[in-house]
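Structure assessment
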There are 2 protein chains.
Amino acid sequence: MNKKKTTNKRKIRRAPTESDVARLAGVSQSAVSRAFTKGASIAKATREKIIAAARELGYHPNLLARSLATRRSNIIALAIANLENPFYAQVAQQLSAQLRETGRHILLFTSSIYDETDPMLERALSYQADALIMTATKASEQLADQFKKAGVPIVQINRESKIAGVSTVWGENYRAGKVAASHFLKKNHKNFAFVAGTKISSTSHMRQQGYIETLAKNNIKNVQIVYGEYSFEGAANAARKLFNSKNPPDAIFCASDYMAFGVLEVARREFALKIPIDVAIIGVDDVPEASHSAYDLTTFSQPAAALAKEAISIVDKMIANPNRRAIRTEVAGELIIRGSTRR
Amino acid sequence: MNKKKTTNKRKIRRAPTESDVARLAGVSQSAVSRAFTKGASIAKATREKIIAAARELGYHPNLLARSLATRRSNIIALAIANLENPFYAQVAQQLSAQLRETGRHILLFTSSIYDETDPMLERALSYQADALIMTATKASEQLADQFKKAGVPIVQINRESKIAGVSTVWGENYRAGKVAASHFLKKNHKNFAFVAGTKISSTSHMRQQGYIETLAKNNIKNVQIVYGEYSFEGAANAARKLFNSKNPPDAIFCASDYMAFGVLEVARREFALKIPIDVAIIGVDDVPEASHSAYDLTTFSQPAAALAKEAISIVDKMIANPNRRAIRTEVAGELIIRGSTRR
DNA sequence: CTGAAAGCGCTTACAG
DNA sequence: CTGAAAGCGCTTACAG
């Protein structure tokens, strides 16, 4: 097993192919192919002989050649705006783990805000990706068009789309806001604020709608709204604005956990506010840090694993039936009550 | 341009190929290939005619077919233990951005601790990856062997390797510990502790060595060492142990920023310690959060961008000369002084 | 500068 | 159950 074989050195060292294995096993090249195709009709003895030969040579089937022949690459393109956002990192991790179960892998397309993303994502087509999953980014109409022409489905996680061909999966954004408002109301809060993400984020909008509409139903109309730009520091600045206002809030709903962390820190450290007595805070996502003792954040969950699962399920359906209309699914979340809200 | 053409519908909708483009442009298929190969000899007029035809058809070169023909996939496999660790997410982001500049992309291989990683990573060979970059994981000897046989270089970021064929890039681990110790000494600290990562982490070991050896040179021998398991909560627990001990430290060096955050929170919230007066803290990495006002952490940087750049540079060298010996490079970091240490 | 042809390493009807 | 052969969509000597 471990003996070094100095024999059969070939001049140019290239990876062994089916033909090499066939030669060693004394069978045809097609037999080798069958040995590695499950469900193919091949005698058990032949297969074993082939597997042994393959192992001896260190043979690994060339998946690119296979893809060329089968027109299925088992590559899923993942466009991810910002890997450094732990929520999306978690989604990516989940996608990767779940896709692996069906032998598929992720080809990564990261982008900064400044990039022209279209030409970049067209490369996914060149790589013959079976599908494109996008997180926190939207497909342009032109891009969607190209993908539709190529028969490659697109599914967006956490972003709406008005484009006909684009499928979407998202969390319960409206309900997140609604539930947050209800919870605050139940705990007798009086002054409400909302820390939004960005102005263009449909996700943030929906959360805001659920929040203010629920408050409005309870005759609360003056909800302060500030923008945290979906970042810790942005939210920290927004929080400073809120706490310095003439009417500082005692209940703050934030469109993401990360922004909630920023608000929480500023409240505690810069304004010496007690949480949840002086001010209560609710986030959205339930990232791992939310449960850390440092934050102990009440939050409306947006389960990365479920989002990933649903996205993959949509991909599978679209591949199975390419003429199918885009699929839009909502994934349920729930309010996880922790120490940043009153008991 | 935007008119819908209902003509030339083919029965089975498949992506257009070079032959399709050739037919439309009235040239040979090889001419089309040349039009998309830079440096190929082709008349300007021909090329333009071809590009126009390609655009009309929505042609995207099939990179898998190209890879098969050229034996270069332009795919780099990235094995990443834990994408949710922001430092490694940052490294992944950097790698992705930098590789894109040379038209290469990342095929993602995530793993949980429980996985058998070898069979998973062998798939990188099947995908004909041009190289394998690993972060926070080590290649087994068998894996390294297989890759060497296939002529595919492996480079590890942030993990040592004793295996001959494996290249490595790492930060200045020993120096991180040394500099942290010196800084504490300069600020007149008396009681020192080290929050290590895991027992098996060579990175953590090196940092520890630099720290305790520097302290030892200054006649400080009793350094408390606890394990934070490279996690926020693990470090929080370790910190509780330290602050509850008979001789609580006034200077704590942590093998990662994330652990430093855990320590910092526990110090502040559970033990009401003032930072940096009662206890000073230094981390390693300089993740984005380190500069947040919540933490304002003094830390020894480990620049993700530089690590990524160096890793790619090694990959390129190894590909250019496959018989070359493994390359091992250290990437410089520096102490970033912030508010968690005394002025 | 251009085209015809072989080859990259697979899969998959087809015939036996 | 097995092999010979065509084809997947490219690149690249070779000849002109």
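Residues numbered from 1 in each chain as written. Chains lettered and ligands numbered in written order. Predicted model: local features only at pLDDT ≥ 70, side-chain atom pairs only at ≥ 80, totals over all residues. Heavy atoms only, no water.

Side note on the overall build of chain A
Within chain A, the regular secondary structure consists of twelve helices and twelve strands. Whereas a compact globule of 343 residues would reach a radius of gyration of roughly 20 Å, chain A reaches 26 Å, over 25% beyond that. Dimensions of chain A along its principal axes, counting C-alpha atoms only, are 85 × 45 × 35 Å. The buried share of chain A, reckoned over its 343 residues, is 53%. In chain A, 68% of the contacts between residues at least 6 apart in sequence involve partners at least 24 apart. When the accessible surface of chain A is split by element, carbon and sulfur atoms take 50% of a total near 16100 Å². (Helix = DSSP H or I, 4+ residues; strand = E, 2+ residues; numbered from the N terminus. Rg over C-alpha atoms; globule rule 2.2 N^0.38 Å. Buried < 20%, exposed > 50% of the residue type's maximum accessible area, 1.4 Å probe, protein only. Contact = heavy atoms within 4.5 Å. Areas by Shrake-Rupley, 256 points an atom, 1.4 Å probe, with all protein chains shown as cover.)

Description of the protein's contact with DNA strand D
In the neighbourhood of DNA strand D, 27 residues make up the surrounding shell, with A:Arg34, A:Thr46, A:Arg71, B:Gln29 and B:Ser33 lying closest. Backbone sugar and phosphate groups make up 65% of those atoms of DNA strand D lying within 4 Å of the protein. The contact in question runs from a phosphate oxygen of DNA strand D to an N or O atom on the side chain of A:Ser28, over 3.0 Å. In the model, a base nitrogen of DNA strand D is placed 3.1 Å from a nitrogen or oxygen of the B:Arg34 side chain. Elements with a minimum of two residues in the surface near DNA strand D: helix H2 (29–35) and helix H4 (63–70) of chain A together with helix H2 (29–35) and helix H4 (63–70) of chain B. (Near = heavy atom within 4 Å. Polar contact = N/O pair within 3.5 Å; in protein donor to acceptor, adjacent residues only side chain to side chain.)

A word on the relation of the copies chain B and chain A
Mapping chain B onto chain A calls for a rotation angle of 180 degrees and an axial translation of 0.1 Å; the resulting RMSD is 0.1 Å. One copy is carried onto the other by what is essentially a two-fold rotation axis. It is B:Leu107 whose C-alpha, among those of chain B, lies nearest the rotation axis, at 2.2 Å. Here 100% of the interface residues in chain B have copies in chain A that are interface residues too; the copies meet face to matching face. (Least-squares fit on C-alpha atoms with pLDDT ≥ 70 in both.)

Thoughts on the environment of B:Lys148
Structurally, B:Lys148 can be placed in helix H7 (residues 141–150). Looking at B:Lys148, the relative accessible area reads 47%, which means it is partly exposed.

A look at the packing of helix H10 (residues 232–244) of chain A against helix H11 (residues 257–270) of chain A
All names here are of chain A. Packing of H10 against H11 brings their axes to within 7 Å, and their N-to-C directions diverge by 45 degrees. Taken together, the axis directions place H10 and H11 in an arrangement best described as oblique. For the crossing formed where H10 meets H11, the hand is right-handed. For the pair H10 and H11, the contacting residues are Phe232, Ala235, Ala236, Ala239, Arg240 and Phe243 in the first and Tyr258, Met259, Phe261, Gly262, Val263, Glu265, Val266, Ala267 and Glu270 in the second. Looking at the contact of H10 with H11 residue by residue, the classes come out as eleven nonpolar, one polar and three charged. (Axes fitted to C-alpha atoms, helices over the stretch in contact; angles between N-to-C directions. Parallel < 35°, antiparallel > 145°, perpendicular 65-115°, else oblique. Left-handed = near helix turned anticlockwise from the far one by under 90°. Nonpolar A, V, L, I, M, F, W, Y, C, P; charged D, E, K, R; others polar.)

Digging into the protein's contact with DNA strand C
In the neighbourhood of DNA strand C, 27 residues make up the surrounding shell, with A:Gln29, A:Ser33, B:Arg34, B:Thr46 and B:Arg71 lying closest. Sugar plus phosphate, as a fraction of atoms of DNA strand C within 4 Å of the protein: 64%. Between DNA strand C and the protein, one listed contact pairs a phosphate oxygen with a backbone N or O atom of A:Glu18 at 2.9 Å. Within the backbone of A:Ala65, one N or O atom sits 3.3 Å away from a base nitrogen of DNA strand C. Top contributing element to the surface near DNA strand C by residue count: H4(A), with five residues. Its residues assigned to classes, the surface near DNA strand C shows eleven nonpolar, eleven polar and five charged.

Thoughts on the nonpolar core
With 154 residues, the main nonpolar core has A:Leu95, A:Val195, A:Tyr211, B:Leu95, B:Val195 and B:Tyr211 as its most contacted residues. Beyond its immediate chain neighbours, meaning those up to four positions away, B:Leu95 contacts B:Leu78, B:Ile106, B:Ile133, B:Ile157, B:Ala308, B:Ala311 and B:Ile312. Counting 46 residues, the second-largest nonpolar core is a separate cluster that includes A:Met120, A:Leu121, A:Ala139 and B:Met134. (Core = buried A, V, L, I, M, F, W, Y, C linked by side-chain atoms within 4.5 Å.)

What to know about the sheet that holds strand S9 (residues 280–285) of chain A
In a beta sheet, neighbouring strands are held together by backbone hydrogen bonds and run either parallel or antiparallel to one another. Residues and elements named next belong to chain A. Strand order across the open sheet formed by six strands is S7-S6-S8-S9-S10-S12, with mixed pairing between neighbours. Looking at the sheet topology across the chains shown, the edges are occupied by strand S7 (224–227) and strand S12 (335–336). When strand S10 (residues 298–301) meets S12, the two strands line up antiparallel, connected through two bridges. Bridge pairing in S12 links Phe300 to Leu335. (Pairing = 2+ DSSP bridges.)

Considering the environment of B:Lys221
Residues and elements named next belong to chain B. Topologically, Lys221 is positioned in the loop between helix H9 (202–217) and strand S7 (224–227). Judged by relative accessible area, Lys221 falls into the exposed class, the value being 64%. Separated by 29 residues in the primary sequence, Lys221 and Phe192 have C-alpha atoms spaced 9.3 Å apart.

Thoughts on the pattern of salt bridges
Applying the stated criterion across every chain yields a total of twelve salt bridges over all chains. For A:Arg104, the salt bridge goes to A:Asp316, with nearest N and O atoms at 2.9 Å. Here A:Arg104 is found in the loop between helix H5 (86–100) and strand S2 (105–110), whereas its partner A:Asp316 is found in helix H12 (residues 304–320), with 212 residues between them in sequence. Residue class for A:Asp316 comes out partly exposed when judged on its relative accessible area of 33%. The partner of B:Asp286 in a salt bridge is B:Arg338, and the shortest N-O contact between them spans 2.9 Å. Of this pair, B:Asp286 sits in the loop between strand S9 (280–285) and strand S10 (298–301) while B:Arg338 sits in the segment after strand S12 (335–336), and the two are 52 residues apart along the sequence. Residue B:Asp286 is classed as partly exposed on the basis of its relative accessible area of 23%. The buried category is assigned to B:Arg338, whose relative accessible area is 19%. (Salt bridge = Lys/Arg side-chain N within 4 Å of Asp/Glu carboxyl O.)

Quick notes on the sheet that holds S10(B)
Residues and elements named next belong to chain B. Read from one edge of the open sheet, six strands run S7-S6-S8-S9-S10-S12, paired in mixed fashion. Looking along the sheet, the strands with just one partner apiece sit at the ends: S7 and S12. Seen against the sheet, H9 touches strand S6 (192–196), S7, strand S8 (251–254) and S9 and runs at an angle of roughly 170 degrees to S6.

So, the side chain of B:Gln93
Position of B:Gln93 relative to the elements: it lies in helix H5 (residues 86–100). For B:Gln93, the residues in contact, after removing those within four places along its chain, are A:Ala81, A:Asn82, A:Leu83, A:Glu84 and A:Thr110.

Description of the interface of chain B and chain A
Each partner contributes residues to the interface: chain B has 59 residues there, and chain A has 59 residues. Here chain B meets chain A over a buried area of about 5500 Å², counting both sides, of which 54% is carbon and sulfur. Across the contact surface, chain B and chain A share zero salt bridges. Here the side of chain B that touches chain A gets seven residues from one element, more than from any other, and that element is H5(B). Tallied by class, the residues present in the side of chain B that touches chain A amount to 23 nonpolar, 19 polar and 17 charged. (Buried area = accessible area lost by both parts, 1.4 Å probe.)

Section: the confidence of the model for chain A
When pLDDT is averaged along chain A, the result is 91, and 95% of the positions lie at 70 or above. Low pLDDT (under 50) marks residues 1–12 of chain A, which in the prediction has two contacts with non-local residues, meaning those over four places away or in another chain. (pLDDT = per-residue confidence, 0-100.)

What to know about H9(B)
Residues and elements named next belong to chain B. Its 16 residues place the ends of H9 22 Å apart at the C-alpha level, agreeing with the 22 Å of an ideal helix rising 1.5 Å per residue. Turning to H9, its buried residues are Ser202, Thr203, Ser204, Arg207, Gln208, Gly210, Tyr211, Thr214 and Leu215. Those residues of H9 that are buried lie in contact with helix H8 (173–186), S6, S7, S8 and S9. Following H9 by one or two positions, Asn219 adopts a phi angle in the positive range, close to 65 degrees. (Expected span 1.5 Å × (residues − 1).)

Examining the packing of aromatic side chains
Residues and elements named next belong to chain B. Considering all chains together, one arrives at 20 aromatic pairs over all chains under this definition. Note on Tyr258 and Phe261: the rings are 5.2 Å apart at their centroids and 65 degrees apart in plane angle, and the pair reads as edge-to-face. Taken together, the positions of Tyr258 and Phe261, both in helix H11 (residues 257–270) and three residues apart, correspond to about one turn of that helix. Each member of the pair, Tyr258 as well as Phe261, is classed as buried. Considering the side-chain rings of Phe261 and Tyr295, the 3.9 Å spacing of their centres and the 15 degrees angle between planes classify their relative orientation as stacked. (Phe/Tyr/Trp six-rings, centres within 6.5 Å; stacked < 30°, edge-to-face > 60°.)

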